[in-house]
Amino acid sequence: MLVLDELAPQISHEGSLVWGSLATVAADAELVLLGVAEGRPHFVEIVRHDQPSIMRSPAMFRALGMLTAEDAATFGTALSLISWHNTHRFCPRCGSTTTL
């Protein structure tokens, strides 16, 4: 699972994204599949935010500048999915709460 600090990526000393074990995830965590790499599924937990100001912070841009193109794309995908799930909480047809 991709390790985040709020919405910012945790970056290793080598400059790559930090991945954690699914065993440490809470039972009620909402996970989204990012894809399969090296034969293993990779997930990110949905972080609930109403106003994700971190997305425009200088710290976020510094973090992105340290990542490889592949890791930046993976993180961008994770951030996009988190944002989508935070802004589309209700069914457009019936108005009920959506669940993963």
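These figures come from a predicted structure and were not determined experimentally.

Enquirer: Please provide a residue-by-residue account of the overall build of the protein chain, values included.
Expert: Scanning the protein chain from N- to C-terminus turns up 2 helices and 4 strands. The order of α-helices and β-strands along the protein chain, N terminus first, is β-β-β-β-α-α. In terms of its C-alpha atoms, the protein chain occupies a principal-axis envelope of roughly 45 × 35 × 20 Å. A buried classification covers 26% of the 100 residues belonging to the protein chain. Restricting the contact set of the protein chain to residue pairs at least 6 apart, pairs at least 24 apart contribute 56%. With the model as given, the accessible surface of the protein chain reaches about 6800 Å², and the carbon-plus-sulfur share is 56%. Considering the protein chain, the positive charge centre built from 6 side chains and the negative charge centre built from 10 side chains are found 10 Å apart.

Enquirer: Can you tell me about helix H2 (residues 69-87), naming the residues and giving the values?
Expert: An ideal rise of 1.5 Å per residue puts 27 Å on 19 residues; H2 measures up with 27 Å between its terminal C-alpha atoms. Turning to H2, its buried residues are Asp71, Phe75, Ala78, Leu79, Ile82, His85 and Asn86. Buried residues of H2, seen end-on, are gathered within an arc of 130° and therefore sit on one face of the element. Counted as exposed and oriented over 90 degrees from the buried face of H2: Ala69, Glu70 and Thr87. The secondary structure elements touched by the buried residues of H2 are strand S1 (4-5), strand S2 (8-9), strand S3 (31-37), strand S4 (40-45) and helix H1 (58-66).

Enquirer: If you had to explain the pattern of salt bridges to someone new, which residues and values would you point to?
Expert: In this structure the tally under the stated criterion is 2 salt bridges. The partner of Arg40 in a salt bridge is Glu38, with the nearest N and O atoms 3.8 Å apart.

Enquirer: Describe the nonpolar core, and please don't skip the residues or the numbers.
Expert: Nonpolar side chains tend toward joint burial in soluble globular proteins. Counting 15 residues, the largest nonpolar core has Leu2, Leu4, Leu7, Leu17, Val44, Phe75 and Ile82 as its most contacted members. Here this core gets 4 residues from one element, more than from any other, and that element is H2. Once you skip the residues sitting within four places of it in the chain, Leu2 turns out to touch Leu17, Val18, Trp19, Leu34, Phe43, Val44, Phe75 and Ala78.

Enquirer: Report on unusual backbone geometry, specifying residues and quantitative values.
Expert: Across the chain, the bulk of peptide bonds are trans and the bulk of non-glycine residues have phi less than zero. Even without being a glycine, Glu6 presents a positive backbone phi close to 65°. Take Glu6: it is sitting in the loop between S1 and S2. Of note, the phi angle at Glu38 is positive, near 55°, even though the residue is not glycine. Tracing the backbone shows Glu38 in the loop between S3 and S4. Residue Glu38 is classed as exposed on the basis of its relative accessible area, which comes to 76%.

What counts and how
Residues numbered from 1 in each chain as written. Predicted model: local features only at pLDDT ≥ 70, side-chain atom pairs only at ≥ 80, totals over all residues. Heavy atoms only, no water. Helix = DSSP H or I, 4+ residues; strand = E, 2+ residues; numbered from the N terminus. Buried < 20%, exposed > 50% of the residue type's maximum accessible area, 1.4 Å probe, protein only. Contact = heavy atoms within 4.5 Å. Areas by Shrake-Rupley, 256 points an atom, 1.4 Å probe, with all protein chains shown as cover. Lys, Arg positive; Asp, Glu negative; His and termini not counted. Charge placed at Lys NZ, Arg CZ, Asp CG, Glu CD. Expected span 1.5 Å × (residues − 1). Arc of directions from axis to C-beta. Salt bridge = Lys/Arg side-chain N within 4 Å of Asp/Glu carboxyl O. Core = buried A, V, L, I, M, F, W, Y, C linked by side-chain atoms within 4.5 Å.

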